[in-house]
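Spelled out, the chains give:
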Amino acid sequence: MDLRDRHLINEKTVLVTGEYNATGELWSRVIEGEETFLVKKSPTTVIEETLLHLGSNFLGARPSSKYLLSPMRMHPISVNPQMGILLFPTMKMKCHCCIWFSLIHVKSTNPVGVNQIEVLTSFGHTILIDMSERAFNNRRQKAIQLQETIINNLNCPLNFYVEPKNGFYIRKKPKEINYFLEKK
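The structure reproduced in this document is the subject of the present report. (Residues numbered from 1 in each chain as written. Predicted model: local features only at pLDDT ≥ 70, side-chain atom pairs only at ≥ 80, totals over all residues. Heavy atoms only, no water.)

### Remarks on the overall build of the chain
Alright, step 1. Along the backbone of the chain there are three helices and 12 strands.
Alright, step 2. Of all 184 residues assigned to the chain, the portion counted as buried reaches 38%.
Alright, step 3. Long-range pairs, those at least 24 residues apart, make up 42% of the contacts in the chain between residues at least 6 apart in sequence.
Alright, step 4. Counting only carbon and sulfur atoms, one obtains 53% of the accessible surface of the chain, whose full area is about 11,700 Å². (Helix = DSSP H or I, 4+ residues; strand = E, 2+ residues; numbered from the N terminus. Buried < 20%, exposed > 50% of the residue type's maximum accessible area, 1.4 Å probe, protein only. Contact = heavy atoms within 4.5 Å. Areas by Shrake-Rupley, 256 points an atom, 1.4 Å probe, with all protein chains shown as cover.)

Quick look at the structure:
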């Protein structure tokens, strides 16, 4: 079994979920590409460390998601918007059996029972979860909505500052309130 001390979520990460080790510590089960491994940290810690490496944190990503989406519970998290990496939870994040799916890797769902579905992902993985298809697809749709909102916000025009040949001389006369400009 592949065991790691740390891991950063990336474009190949399909999902992250909790798994208890033999001594009762909560670790993370990660499916990445065609492999799976355990990380000696909880899923929220793996997500938090990834966000910190990208200049954000969990306490910033969650309020941002809440701000951009309508009021709801169990918000998706934008991990790396430039690479399109968004995670959405299947249940409350504090629950050890919460699965954080990467939006870009969820391909489709198949209902199996009343409250069970198979989630088909990239790399040919199928994950059976205890959840209604409707609830899962609602969370997936919120992640898509968050992704679209962030993409729209990131598509703002860039501003470039060009050093002019001749600038202005800006000054304020004594006892004057406003500054005035003169060409150099």
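### Describing the nonpolar core
Alright, step 1. Phe88, Phe101, Val119, Ile129 and Phe136 are the most contacted members of the largest nonpolar core, which totals 18 residues.
Alright, step 2. Those elements giving two or more residues to this core turn out to be strand 2 (13-20), strand 6 (85-89), strand 7 (99-102), strand 9 (116-121), strand 10 (126-129) and helix 3 (133-154).
Alright, step 3. In terms of residue count, the dominant contributor to this core is helix 3 (four residues).
Alright, step 4. Ranked by size, the runner-up nonpolar core spans 14 residues in total, among them Ile9, Val30, Ile77 and Ile85. (Core = buried A, V, L, I, M, F, W, Y, C linked by side-chain atoms within 4.5 Å.)

### Overview of the sheet that holds strand 6
Alright, step 1. Read across the sheet, seven strands follow the order 1-4-3-2-7-6-5 without closing on themselves; strand pairing throughout is mixed. Where the open sheet ends on each side, the last strands, each with one partner, are strand 1 (3-4) and strand 5 (77-80).
Alright, step 2. Bridging between strand 3 (residues 26-32) and strand 4 (residues 35-39) involves five bridges; their strand directions are antiparallel. By the bridge assignment for strand 4, Glu32 is matched with Glu35. (Pairing = 2+ DSSP bridges.)

### Focus: the pairing of strand 6
Alright, step 1. Counted residue by residue, strand 6 has five buried out of five residues, so it is predominantly covered.
Alright, step 2. Of the two faces of strand 6, both are covered, the one formed by Ile85, Leu87 and Pro89 as well as the one formed by Leu86 and Phe88.

### Quick word on unusual backbone geometry
Across residues other than glycine, the phi torsion is negative in most instances, and most of the peptide bonds are trans.
Alright, step 1. We note that Phe123 has phi near 65°; this positive angle belongs to a residue other than glycine.
Alright, step 2. Mapped onto the secondary structure, Phe123 falls in the loop between strand 9 and strand 10.
Alright, step 3. Given a relative accessible area of 37%, Phe123 falls into the partly exposed group.

### Notes on the packing of aromatic side chains
Alright, step 1. Overall, the coordinates contain three aromatic pairs when judged by the stated rule.
Alright, step 2. Aromatic side chains Phe101 and Phe136 sit 5.4 Å apart centroid to centroid with 90° between the ring planes, which places their arrangement in the edge-to-face category. Note that Phe101 is positioned in strand 7 and Phe136 in helix 3, a separation of 35 residues in sequence.
Alright, step 3. The class for Phe101 is buried, based on a relative accessible area of 0%.
Alright, step 4. One aromatic cluster in this structure is built from Phe88, Phe101 and Phe136. (Phe/Tyr/Trp six-rings, centres within 6.5 Å; stacked < 30°, edge-to-face > 60°.)

### Some words on the sheet that holds strand 8 (residues 106-113)
Alright, step 1. The strand order 8-9-10 describes an open sheet built from three strands, whose pairing is antiparallel. Two strands lie at the open edges of the sheet, namely strand 8 and strand 10, each paired on one side alone. Here the strands of the sheet are splayed against their neighbours by 20° on average, with no regard to which way each runs.
Alright, step 2. Where strand 9 lies against strand 10, four bridges are found, and the strand directions are antiparallel. Counterpart to Val119 in the pairing with strand 10 is Ile127. (Axes fitted to C-alpha atoms, helices over the stretch in contact; angles between N-to-C directions.)

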